[in-house]
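# Results of the structural survey
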Amino acid sequence: MLKLLVKKQMMEIFRNYFYNPKTNQKRSTASLVLFILLFAAIMVGILGGMFTFLSVTLCKAFVPMGFGWLHFAIMGLLAILLGAFGSVFNTFSGLYLSKDNELLLSLPIPVRHILLSRLLSVYLMGLLYSAVVSIPAGIVYCVYATVTPAVILGCVLMVLTVSIIVLILSCLLGWVVAKVSLKLKNKSFISVLASLVFIGLYYFFYFKAQSIISNLIVNAAAYGEKIQASAYPVYLFARVGEGDPAAMGLVTLVTGLLLALTWYILSRSFLRMATATGKSKKAALKANAIRSRSMSGALLSREFGRFLSSPNYILNCSFGTLFLVVLGVAVLIKGSALLPALDKINGQYPGFIPVLACAAVCMVASMNDMAAPSVSLEGKNLWLVQSLPVEPWAVLRAKLSVQLILTAIPAFLCCICIGIILPGSLSQLLLMGLTVMLFVVLSALFCLFMGVKFPNLTWTNEVVPIKQSFSVFLAMMGSWVYTIALGAGYFLCRRLLSATAYLSVISLFTALLSLLLYRWLRTRGAKIFATL
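Residues numbered from 1 in each chain as written. Predicted model: local features only at pLDDT ≥ 70, side-chain atom pairs only at ≥ 80, totals over all residues. Heavy atoms only, no water.

## Things to note about the nonpolar core
Counting 60 residues, the largest nonpolar core has L396, I418, L448, V452 and L521 as the members making the most contacts within it. Secondary-structure elements contributing two or more residues to this core are α14 (319–348), α15 (352–365), α16 (371–374), α17 (382–386), α18 (392–421), α19 (426–453), α21 (470–493) and α22 (499–530). Sort the elements by how many residues they give to this core and α19 lands first, with 13 residues. If we ignore the near neighbours within four places in the chain, the residues touching L396 are V375, L448, V452, L521, G525, A526 and F529. If you look at the next biggest cluster of nonpolar residues, it comprises 41 residues, including A61, A79, Y235 and M248. (Core = buried A, V, L, I, M, F, W, Y, C linked by side-chain atoms within 4.5 Å. Buried < 20%, exposed > 50% of the residue type's maximum accessible area, 1.4 Å probe, protein only. Helix = DSSP H or I, 4+ residues; strand = E, 2+ residues; numbered from the N terminus. Contact = heavy atoms within 4.5 Å.)

If you want it as structure tokens, here you go:
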């Protein structure tokens, strides 16, 4: 029974590898093998290769100095961080708030088997992520240090110890996430915020990694003494990798006790957590006047409600809004430092800076593509909106308005920030802003055009129309090609047209394309939408 439960848990985690989410049909053997090879290439080739390179850099510096344990401290902590983050959300959804908890608890299956199968799946996922760091760390250390049986045993124990620590942390953090989730009404904003924080931290450490590693190598002795003095448990943990018998025995004992404590706490609280539904307040009936809305307002509110209720929709389709704000603030803060270089470029290629800035803002704005998957996201419920006593164009206009509102406002503010800092005549800066606004309209119309032409209404997971649909791919590629052509076009014809004339031509051409797409959506597109 336990084997079947563990197999079920792993099949749920890797379901997309075995079943096509678009058709809900089992994949062929060839497709399954290709997906597994791709996953292995990413985990072993890319992530494993990256951490192997880091381990080589650290071992070259630390092992000759007698600080091999510092290498294990850094790589071990990185393994714990990656493993815990990679499995914490699986713990939240698979251990505590799984959708099939009530079904399994109603079957004649011992609760401890259900709990153990969930814990094993969490452990295997944590091991998958942490081993990408800990295994290369042990292998590279054995290459640069003297290999003894104690060192080999220590490296193996390091991998197992890290994986168990990841399991314990995942259970703790997953419990916190589950508790918070039960008390929240709108969980999408928390998911989006957590994802943005992780992305921000990732890029921060990515750009700071080289300086941090250089600082560690230069000051290895000082950091080593500080760790031994003020963080002795970390020192003991790191000494396991070097094969220190006392450290191996003590760390293994403590880890085993923590694991036993985790099992005891979970076995006592699992049933209560698995059947929890969250607190709900009693609503008192109040005789308030019903607020009525216009037809367009109601449809727009419906589209915004769908957008704001889905973290996947927000994160994958509205990064342009965030980066437009970031770009505008960055230009105001750092723009003055770039002025000498920009003046030099502007002197060599007159008018090129406003055109280049226009292309850059348009490129960032093209990251917004809410309208492209909006039709597909209706899915099997499309008949509901088709049955409403409204024109099909009114529904399409609401989908279009979401992207226009969320893109045009930050793009306009970004253009103002750029206009304050960058060199150029008033006419060039005004035309730059006009071109950007027209591109925002064109991009939204083009995304909706692709959504109507290539809908996918048979998906079983909303990630499919948001990230994997043909309409989204074409919408993104088309917008990027247009912005690249916008910047490169002036560089090629700068001898024939001034920047003012070039931006005027681009504005007119963009407006014409927008008018054609608008006319198609208003007539032909509305008819197609009505018959989907």
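## Some thoughts on the confidence of the model for the protein
Here the protein averages 81 in pLDDT, and 81% of its residues register 70 or above. Ranking the elements of the protein by mean pLDDT puts helix α8 (residues 187–218) last with 67 and α22 first with 91. (pLDDT = per-residue confidence, 0-100.)

## Structural notes on the side chain of T262
Here T262 is to be found in helix α11 (residues 245–274). On the basis of relative accessibility, which here comes to 16%, the residue T262 falls in the buried class. Reaching out from T262, the side chain makes a polar contact with the backbone oxygen of L258 at a distance of 2.8 Å. When sequence neighbours within four positions are dropped, the list of residues in contact with T262 reads I168 and C171. (Polar contact = N/O pair within 3.5 Å; in protein donor to acceptor, adjacent residues only side chain to side chain.)

## A closer look at the packing of helix α12 (residues 295–308) against α18
Where α12 contacts α18, the axes come no closer than 9 Å and their chain directions differ by 60°. One finds that α12 runs oblique with respect to α18. Where α12 crosses over α18, the two elements pack in a sense that is right-handed. Contact with α12, carried on its side by M295, S296, L299, L300, R302, E303, F304 and F307, involves A394, V395, R397, A398, K399, S401, V402, I405 and L406 of α18 and no other residues of that element. In the contact of α12 with α18, the residues fall into 11 nonpolar, two polar and four charged. (Axes fitted to C-alpha atoms, helices over the stretch in contact; angles between N-to-C directions. Parallel < 35°, antiparallel > 145°, perpendicular 65-115°, else oblique. Left-handed = near helix turned anticlockwise from the far one by under 90°. Nonpolar A, V, L, I, M, F, W, Y, C, P; charged D, E, K, R; others polar.)

## So, a nonpolar patch on the surface
The grouping of V325, V329, L332, I333, I405, I409, F412, L413, I416 and I420 at the surface amounts to a nonpolar patch, some 920 Å² of accessible area in total. Sorting the residues of the nonpolar patch by element identifies α14 and α18 as the ones contributing at least two each. When residues in the nonpolar patch are grouped by element, the largest group, six residues, is from α18. Looking at the element boundaries, I333 is found in helix α14. (Patch = residues over 30% accessible without salt bridge, like charges linked within 9 Å, V, L, I, M, F, W, Y side chains within 5 Å. Areas by Shrake-Rupley, 256 points an atom, 1.4 Å probe, with all protein chains shown as cover. Salt bridge = Lys/Arg side-chain N within 4 Å of Asp/Glu carboxyl O.)

## Here we look at the pattern of salt bridges
Counted under the stated rule, the structure contains six salt bridges. Of the charged contacts, one joins R302 and E378 as a salt bridge, the two residues approaching to 2.8 Å between their closest N and O atoms. Note that R302 is positioned in helix α12 and E378 in the loop between α16 and α17, a separation of 76 residues in sequence. R302 gets classed as partly exposed once you look at its relative accessible area, which sits at 33%. Here E378 falls in the buried class, since its relative accessible area comes to 9%. Residues E378 and K399 are paired through a salt bridge, measuring 2.6 Å at the closest nitrogen-oxygen approach. Taken together, the residues E378 in the loop between α16 and α17 and K399 in helix α18 connect sequence positions 21 residues apart. Put simply, R302, E303, E378 and K399 are held in one network by salt bridges that share partners.

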